[in-house]
Amino acid sequence: MFPYVLVLACGVLWGMTFSLARIAASNAAHPVGLAFWQALGGGLVLLAYCLLRRRRPPLHRAGLRHALVIALFGTSIPASLFFYAAPQVPAGVLAITVALVPMLTYALSWMLGIERLNRRRSFGIGLGFAAIVLLVAPDTSLPDPAMAGWLALPLVASVFYTLENVYVDVSVPQNTDMAGLLTTALIIAAATLWPVMMAAGAFHPLSLPLDDADLALIGMMVVSSAAYVMFLSVVKMAGAVFASVIGYVITLAGVFWGLVFFAERHSPWVWAALALMLAGMLLVRPRRSVPDLGAHG
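Given the structure is predicted, the values throughout are model-derived calculations rather than measurements.

Visitor: Help me understand the overall build of the protein chain in this model?
Guide: Of the regular secondary structure elements, the protein chain holds 12 helices and 0 strands. Listed by position from the N terminus, the elements making up the protein chain come as α-α-α-α-α-α-α-α-α-α-α-α. For the protein chain, whose C-alpha radius of gyration is 18 Å, the value lies close to the compact-globule estimate of 19 Å for 297 residues. In terms of its C-alpha atoms, the protein chain occupies a principal-axis envelope of roughly 50 × 50 × 40 Å. For the protein chain, with 297 residues in total, the buried portion stands at 56%. For the protein chain, the share of sequence-separated contacts (at least 6 apart) that also reach a separation of at least 24 residues comes to 86%. Summed over its atoms, the accessible surface of the protein chain is roughly 13000 Å², and 70% of this surface lies on carbon and sulfur atoms. For the protein chain, the distance from the average site of its 16 positive side-chain charges to the average site of its 11 negative ones is 17 Å.

Visitor: Sorry if this is basic, but what is going on with the side chain of Asp 214 here?
Guide: Mapping Asp 214 onto the fold places it in helix H9 (residues 212–238). Although Asp 214 is buried, it makes no salt bridge; Arg 22 carries the closest opposite charge, 17 Å away. In contact with Asp 214, other than residues within four places in its own chain, are His 204, Pro 205, Leu 206 and Ser 207.

Visitor: Can you help me understand the pattern of salt bridges in this one?
Guide: As a working rule, side chains carrying opposite charge can pair if their charged atoms are close by. Tallied over the entire structure, the rule returns 2 salt bridges. A salt bridge links Asp 177 to Arg 53; the shortest N-O distance between them is 3.0 Å. You can see Asp 177 sitting in the loop between helix H7 (147–171) and helix H8 (178–199) and its partner Arg 53 sitting in the loop between helix H2 (31–52) and helix H3 (61–85), a full 124 residues away along the chain. Judged by its relative accessible area of 29%, Arg 53 falls in the partly exposed class. Note that Asp 177 is salt-bridged to Arg 55, the shortest N-O span being 3.9 Å. On the criterion of sequence distance, the pair formed by Asp 177 in the loop between H7 and H8 and Arg 55 in the loop between H2 and H3 is long-range, its members being 122 residues apart. Taken together, the salt bridges that share partners define one network made up of Arg 53, Arg 55 and Asp 177.

Visitor: Could you clarify how one ought to interpret the environment of Leu 210 in this entry?
Guide: Of note, Leu 210 is situated in the loop between H8 and H9. For Leu 210, a relative accessible area of 33% puts it in the partly exposed group. For the pair Leu 210 and Ala 191, spaced 19 residues apart in sequence, the C-alpha separation works out to 24 Å.

Visitor: Explanation requested: unusual backbone geometry in the structure shown.
Guide: Residues other than glycine predominantly adopt negative phi, and peptide bonds predominantly adopt the trans conformation. Unlike most non-glycine residues, Arg 54 shows phi in positive territory, near 55°. Structurally, Arg 54 is set in the loop between H2 and H3.

Visitor: Explanation requested: the packing of H2 against H3 in the structure shown.
Guide: A pair of packed helices is captured by two measures, namely the crossing angle of their axes and the spacing between those axes. Relative to each other, H2 and H3 sit at 130°, their axes nearing to 8 Å. On the basis of their axis angle, the class for H2 and H3 is oblique. The handedness of the crossing between H2 and H3 is right-handed. For the pair H2 and H3, contact is made by Pro 31, Val 32, Leu 34, Ala 35, Gln 38 and Ala 39 and by Thr 75, Ala 79, Ser 80, Phe 83 and Tyr 84, respectively. Class assignment of the residues belonging to the contact of H2 with H3 gives a composition of 8 nonpolar, 3 polar and no charged.

Scoring rules and cut-offs
- Residues numbered from 1 in each chain as written.
- Predicted model: local features only at pLDDT ≥ 70, side-chain atom pairs only at ≥ 80, totals over all residues.
- Heavy atoms only, no water.
- Helix = DSSP H or I, 4+ residues; strand = E, 2+ residues; numbered from the N terminus.
- Rg over C-alpha atoms; globule rule 2.2 N^0.38 Å.
- Buried < 20%, exposed > 50% of the residue type's maximum accessible area, 1.4 Å probe, protein only.
- Contact = heavy atoms within 4.5 Å.
- Areas by Shrake-Rupley, 256 points an atom, 1.4 Å probe, with all protein chains shown as cover.
- Lys, Arg positive; Asp, Glu negative; His and termini not counted.
- Charge placed at Lys NZ, Arg CZ, Asp CG, Glu CD.
- Salt bridge = Lys/Arg side-chain N within 4 Å of Asp/Glu carboxyl O.
- Axes fitted to C-alpha atoms, helices over the stretch in contact; angles between N-to-C directions.
- Parallel < 35°, antiparallel > 145°, perpendicular 65-115°, else oblique.
- Left-handed = near helix turned anticlockwise from the far one by under 90°.
- Nonpolar A, V, L, I, M, F, W, Y, C, P; charged D, E, K, R; others polar.

Written as structure tokens, this is what we have:
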């Protein structure tokens with residue numbers, strides 16, 4: 001019973017990050033500065049978690065190499081893209097685009113020869129791409145047709161999450177301490193974002209009294225870190241195949257939190273896209289117990 005509770009709690013918390021990202025990015029804070037704080041804050045939270053478990057994050061050459069790839073493909077680049085898009089795209093729609101990650105992961109794995117061609121999974125990928133068409137093609141799908149261009153950013157972010165997933169599957173040993181690896185990756189991500197942020201004059205100082213962007217950003221640090229620890233706990237207790245169910249909860253929760261925070265009202269096209277994306281996710285399932293680092297923002 002407890003793993004089910006963790007799956008629900010993790011998905012609901014992670015789904016909230018799309019709305020928090022929109023609040024943070026809508027208050028004049030620079031996207032790169034927000035991505036920096038999210039990475040640094042999440043890294044420090046997980047570092048405390050590792051120290052409580054008396055497990056040091058990996059600092060050997062292979063561990064640092066894995067962490068660097070995860071930092072760039074799983075945090076620095078996609079988080080910045082999401083923060084750029086967040087003020088322009090409804091939070092619920094952002095959540096739907098992330099559901100594309102497991103489908104793209106299977107497609108890339110098949111092209112690389114990691115996976116065999118499977119009709120059910122291929123049909124699931126087709127449903128996922130049909131969902132994206134429903135989001136961007138009809139003029140009445142999004143509140144403003146101009147949002148379709150901004151929607152390209154989270155879709156590109158999904159590609160980077162996909163590259164990260166496949167790299168983790170192929171290159172990261174199965175007995176790796178994933179919490180420690182992610183801790184190192186988030187700190188490296190903050191370090192890679194620092195020079196970009198300073199060159200762009202994008203540093204966002206956290207100062208009292210905290211404004212809405214500050215509170216949303218701090219909320220993202222805490223919520224995403226707590227959700228990821230829950231995810232890792234589910235993987236340990238019930239395996240990654242069971243833990244992959246969290247993806248459904250994240251997508252649905254992301255749409256729900258968009259309704260709560262912004263009173264978002266979606267067109268029938270968006271709801272149809274959500275249904276197709278969830279159906280596609282149901283058809284594209286992991287083949288074995290491989291921890292999925294995708295979309296840990």
